[in-house]
Amino acid sequence: MVLSDHRGALAELTALLAECTRGAGRFALVSGGLASGKTELLQQFQRHAADAGALLLTAAGAPAERTLQAGIVDQLFHGAGLPPEIADRISHLITPFAATVDESASDVRAIRHGSVRAVHEMCGIVLELTRERPVVICVDDVQFADSSSLQFLLYLRRRMGSGRVLVVLTEWEQPRLTLPLFHGEMTRRPHHRIRLAPLSEAGIADLLREHAGAGDADAADVDDPAAVLHRITGGNPMLVRAMIEDMDAGRPAGPERVGPAFGRAVLECLHRWEAGLLEVARAVAVLGEDRTPVLVGRLAGTTPEAAEQVADVLTAAGLLVDGRFRHPGAEAAVLDSMPGAERARLHARAAELLYQRGAATAVVADHLVAADRVSAGWPVAVLRIAAEQALMCDDVAAAVRYLEPALPAADEDERLGITCVLVHALWRVNPAAAVVHAAPLREAMWEGRLRGRDAMSVVQHALWNGDEATAIRALDILKARPELLDAQSAAELRIICQWVHGLGAATAMASNAESDADPWVAAAQALGTFWTAEFCADATASAEHILQSCHPGDMALEVVLTALLILVHGGHTERAERWCERLAAEAARSGAVTWQALIEVIRADIALRCGEVVVAVARAETALGLLPHQGWGVSIGYPLAVLLQANSVLGRHRVVGELMRLRVPDAMFSTVCGLRYLNARGHANLTAGRVLAAISDFQNCGTRMRDWGIDLPVLAAWRCGLAEANLLLGRPEVARELIREQMRLPAGDRRTRGTSLRVMAAAGEPDERPALLREAVQHLRQAGDRVELARALSDLSEALADIGEHGQSRELARVAAEETKASYSGALPIPIDWAAGEAADPPDEPPALSDSERRVAELAAQGHTNREISGLLYITVSTVEQHLTRVYRKLGLKSRADLPRRLAHLTGTTSTRAYEARG
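Residues numbered from 1 in each chain as written. Predicted model: local features only at pLDDT ≥ 70, side-chain atom pairs only at ≥ 80, totals over all residues. Heavy atoms only, no water.

J.: I tried to follow the overall build of the protein on my own but got confused; where do I start?
T.: In terms of regular secondary structure, the protein is built from 47 helices and 9 strands. Buried positions account for 54% of the 919 residues belonging to the protein. Of the contacts made within the protein by residues no fewer than 6 positions apart, 68% connect residues no fewer than 24 positions apart. (Helix = DSSP H or I, 4+ residues; strand = E, 2+ residues; numbered from the N terminus. Buried < 20%, exposed > 50% of the residue type's maximum accessible area, 1.4 Å probe, protein only. Contact = heavy atoms within 4.5 Å.)

J.: Hey, could you run me through the nonpolar core in this one?
T.: Generally speaking, a soluble globular protein has its nonpolar side chains buried in company with each other. Core analysis: the largest hydrophobic core is formed by 234 residues, its most contacted members being Leu-270, Leu-450 and Val-459. Counting residues per element, this core draws most heavily on helix H31 (residues 593–609), at 11 residues. What Leu-450 contacts, discounting residues up to four positions off in sequence, is Leu-416, Cys-420, Leu-441, Ala-444, Met-445, Ala-455, Val-458 and Leu-484. The next biggest cluster of nonpolar side chains, apart from the first, holds 42 residues, and it includes Val-73, Leu-82, Ile-90 and Leu-169. (Core = buried A, V, L, I, M, F, W, Y, C linked by side-chain atoms within 4.5 Å.)

J.: What exactly am I supposed to notice about the sheet that holds strand E2 (residues 55–60) here?
T.: Paired through their backbone hydrogen bonds, the strands of a sheet run either parallel or antiparallel. The 5 strands lie next to each other as E2-E3-E4-E1-E5, forming an open sheet whose pairing is parallel. Edge positions in the open sheet fall to E2 and strand E5 (192–196), since each of these has one partner strand only. If you compare each strand with its neighbour and ignore which way they point, the axes differ by 15° on average. Inspection of the sheet shows E2 paired to strand E3 (residues 135–140) by 6 bridges, in the parallel sense. If you follow Thr-58 over to E3, its bridge partner there is Cys-138. The sheet strands contacting helix H5 (residues 116–129) are E2, E3 and strand E4 (165–172), and the helix crosses E3 at an angle near 130°. (Pairing = 2+ DSSP bridges. Axes fitted to C-alpha atoms, helices over the stretch in contact; angles between N-to-C directions.)

J.: Is there a simple way to explain the pattern of salt bridges in this structure?
T.: Pairing between side chains becomes possible if they bear opposite charge and their charged atoms approach one another. Counted by the stated rule, this structure contains 39 salt bridges. Measuring nitrogen to oxygen at the nearest pair gives 3.1 Å for the salt bridge that ties Arg-481 to Glu-483. Given the relative accessible area of 45%, Glu-483 is considered partly exposed. One salt bridge in this structure joins Glu-788 and Arg-791, with 2.7 Å as the shortest N-O distance. Residue Glu-788 and its partner Arg-791 are both found in helix H41 (residues 786–802); the two are separated by 3 residues, about one turn of the helix. (Salt bridge = Lys/Arg side-chain N within 4 Å of Asp/Glu carboxyl O.)

J.: Just checking my understanding: could you explain the packing of H31 against helix H32 (residues 613–626) for this structure?
T.: To characterise two packed helices, one gives the angle between the axes of the helices and the distance between these axes. Where H31 meets H32, the closest approach of the two axes is 8 Å, and the angle between their N-to-C directions is 165°. Classed by the angle they form, the pair H31 and H32 counts as roughly antiparallel. The handedness of the crossing between H31 and H32 comes out as left-handed. Between H31 and H32, the contacting residues are Val-593, Gln-596, Ala-597, Glu-600, Val-601, Arg-603, Ala-604, Ala-607 and Leu-608 on the first element and Val-613, Val-615, Ala-616, Arg-619, Ala-620, Thr-622, Ala-623 and Leu-626 on the second. Here the residues of the contact of H31 with H32 sort into 12 nonpolar, 2 polar and 3 charged. (Parallel < 35°, antiparallel > 145°, perpendicular 65-115°, else oblique. Left-handed = near helix turned anticlockwise from the far one by under 90°. Nonpolar A, V, L, I, M, F, W, Y, C, P; charged D, E, K, R; others polar.)

J.: Mind showing me how you'd approach the environment of Leu-884 here?
T.: Within the element layout of this structure, Leu-884 appears in helix H45 (residues 877–891). Residue Leu-884 is classed as buried on the basis of its relative accessible area of 4%. Linking Leu-884 and Val-856, residues 28 residues apart in sequence, is a C-alpha distance of 7.1 Å.

J.: Looking at this structure, how should I read the environment of Val-313?
T.: With respect to the helices, strands and loops of the structure, Val-313 is situated in helix H14 (residues 304–316). Distance in space between the C-alpha atoms of Val-313 and Leu-277 is 8.4 Å, their sequence separation being 36 residues.

J.: Quick question: what am I supposed to make of the side chain of Glu-853 here?
T.: With respect to the helices and strands, Glu-853 occurs in helix H43 (residues 851–861). Residue classification places Glu-853 among the buried residues on the basis of a relative accessible area of 4%. With residues up to four places along the chain from it excluded, the contact list for Glu-853 reads His-883, Arg-886, Val-887 and Lys-890.

J.: Where do I start with helix H38 (residues 732–744) in this structure?
T.: For an α-helix the count is 3.6 residues per turn, leaving residues at separations of three or four pointing the same way. Under the 1.5 Å per step criterion, the end-to-end length of H38 is 18 Å for 13 residues, consistent within 8% with the ideal 18 Å. When H38 is considered as a whole, its buried residues turn out to be Ala-735, Arg-736, Leu-738, Ile-739 and Gln-742. Down the axis of H38, the buried set is contained in an arc of 160°. They therefore lie on one face. Packed against the buried residues of H38 are helix H37 (718–728) and helix H39 (750–763). (Expected span 1.5 Å × (residues − 1). Arc of directions from axis to C-beta.)

J.: Hey, could you run me through the packing of aromatic side chains in this one?
T.: The relation between two aromatic rings is expressed through the spacing of the ring centres and the mutual angle of the planes. All chains considered together, the criterion is met by 6 aromatic pairs. Here the aromatic rings of Phe-77 and Phe-152 are separated by 6.0 Å at their centres, their planes lie at 70°, and the arrangement is edge-to-face. Placement of Phe-77 in helix H3 (residues 71–77) and of Phe-152 in helix H6 (residues 147–159) is noted, with a sequence separation of 75 residues between them. Exposure remark for Phe-77: the relative accessible area of 4% places this residue in the buried category. Phe-152 gets classed as buried once you look at its relative accessible area, which sits at 0%. Between Trp-427 and Trp-464 the ring centres are 5.1 Å apart and the planes differ by 75°, which places this aromatic pair in the edge-to-face class. (Phe/Tyr/Trp six-rings, centres within 6.5 Å; stacked < 30°, edge-to-face > 60°.)

J.: Help me out: how do you make sense of the confidence of the model for the protein in this one?
T.: Low-pLDDT portions of the prediction should not be read for the details of their coordinates. Taken as a whole, the protein shows an average pLDDT of 84; of its residues, 88% reach a score of 70 or greater. Low pLDDT, under 50, characterises residues 109–114; the predicted model gives this stretch 11 contacts beyond four residues in sequence or across chains. For residues 826–846, every residue scores under 50 in pLDDT, and the model assigns this stretch 43 contacts once sequence neighbours within four places are set aside. (pLDDT = per-residue confidence, 0-100.)

J.: Any chance you could explain unusual backbone geometry here in plain terms?
T.: It is generally the case that most residues other than glycine have a negative phi and that most peptide bonds are trans. Although it is not a glycine, Asp-372 adopts a positive phi angle of roughly 65°. Its place among the elements puts Asp-372 in the loop between helix H17 (361–371) and helix H18 (378–392). The exposed category is assigned to Asp-372, whose relative accessible area is 69%. Although it is not a glycine, Asp-394 sits at a positive phi angle of roughly 65°. Within the secondary structure, Asp-394 sits in the loop between H18 and helix H19 (396–409).

Shown next, in the form of structure tokens:
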């Protein structure tokens, strides 16, 4: 069936046939862009002519047969069903006719005078045939016809005026005529020119209606699929049909995607013409937004003028618009169809051309990366500059992408500098990946060729990975040559060593290069008070200054983490949480995955200290998912410690068992993270009833902390755990002595003191317990730890019952139960009137959520992104954002992380069920 937009053209050809039948020769030239429907129109007209009783003589040109002389003439007369005697006459004429052609010439001048008689006789045979019935001669793609066949058509054109002959030729519409002499001769006499324009939106809509199932407006995810198809295809019939095929197959097109049929149709269009069309299309695809006629021409191996002419052809075909591909799917189809070696060659050549013209460094670098091979010289310099620019813009992935191919091609002097930048960039993404390139930096360190942050990073990475020998050797070099470190690097190195090992020998060596007059040294000394639990105003102020000045990549991560913990343990949990959110968002924007992971662990630790165990588990699991297991190095102990303690509180013993079976580096146990892990594992063993195993963990932890000079309850209150274990073994005196020892130490925060008082009460006499527990409850309530508060309230309820105060005991038991429920779900604590010793009236219930808001909120609380929620609920991303905005406003939330505990407060069990389902 002919396209609706082409019915007028078919009607015009049909009218010409009618005129021809009445005895008037007619000539029609049908032109159109690439794949514009010319062949389809011609075939439809041929069927009509055959039905009307005309004699059909048909042929089609092809690029490969352009030099085959008389090829078109041979097609016209063979297969036309001519009488045998006429067919013989034609055969005897064609062979000598083809032999008389000068193949070195072109166009219609190629014929020699000796062939005129043969042409004359063949034209006479055609005119003889018209006496019986009209003769219709159709030649498709005449631009590919051989010169002798063109001469035959011209000769016939001059003699068919009174014969019943209709000649219909189709040709591609091009900016410059390929057969100017032939055109000049053909169009000197009256003729009909028919131009096939691209399909209109109305024409596409008609085509959609003719295809069952493809006319559904939802198929293209828009209200007007015809408009979408027109915008993507430019009205090219072949591309339109391909898109309809994809839609029928359930692969609707969108702004960034197309189906496989569309990609195949693009390639079919490009392979229909000479190689120059494909070469220019490939050049346009490779150059992308950096294309110019000159660059396209040089990359395609042609002139700028020729490239522009081909671009005009591609534009008329609906493939290009304003010199670029109309749809990314078309560009992708061209790029994906290229052999790997050819694609690499074009990208390498494009990089060279763009570099010569002073293009942006990143643009040249992208082509060098795509070429997958880099030669020495300017390419290495370009890649390094592009990487440094990418890091300045926080694009870590791009920096790594530029540096990795540059490294093998660099000379010795360049290689060290590139390796330093590459290691810094990789460490921000995955510390395990940075290890691969660490050997050259170590060698340079031994030779004294590294300075400043590069020298500091050798120690930092060695400590992170538990390579104590490398760290000590590097620190010895820095101690002997303090000039290798500037004041900031030396101060940061001191904090790095403290973060990993606390106040040990490494810290003393790291501090050798510091100058007391430098502000960085003062800040480092203030942060060092964390290891004495003296959270003074200076320490808090220094921590704030550090956090205000930090940026991923510009400061050691361990410095930032120490500053955050000073705020946490100094009683500024909310400020620490706000800083974590801000820093995590900045790290996410800059692609600093390592920063994201460790900051998320700090957030998990904060949640655990506040008794929000479900939130703590979610955050710790999120952190672990950001880095591969080996990427954590010795720091793996921190998130595992949070998970062990939180899951123990939740009673998820199977999960705890799995966590304890995870392999951790042996070197971890010689670090502060190892202390956290040992203490957490002790509590997990204690909760599971493995008392002796718990005692071993607590004793091991305590021995290390005392030996290292960092026996700080805020870091790991191992004596509390050990005291509880001794109580289970019936040794209250030992338990009391352990707590007394702990309370003589600088506690540092209310949480530790409250827990100590609770355990002291459990080990004390019945008449001593109420007072100790009331004080413990006050500390724990101010500390905000719901888990420990619930335990203290429960113990206080039992202590009051033991001395006969049953009324207050029952009320506190109810409050303790509510606190326990709140700690499991993450809900807000129950307000208590401590003067009366009773629970206050509960707060007003928050506004109810609609069903839609609740569904969106629950999926968000489970960790789904807005786009994932959109797909699960079949709503737009914008609708998801609107629902979440209303949820935050109704529930008084500030961030997505607060959703799990707040939803649990509404439902009582939602968050716990969701968490257990994940386990």
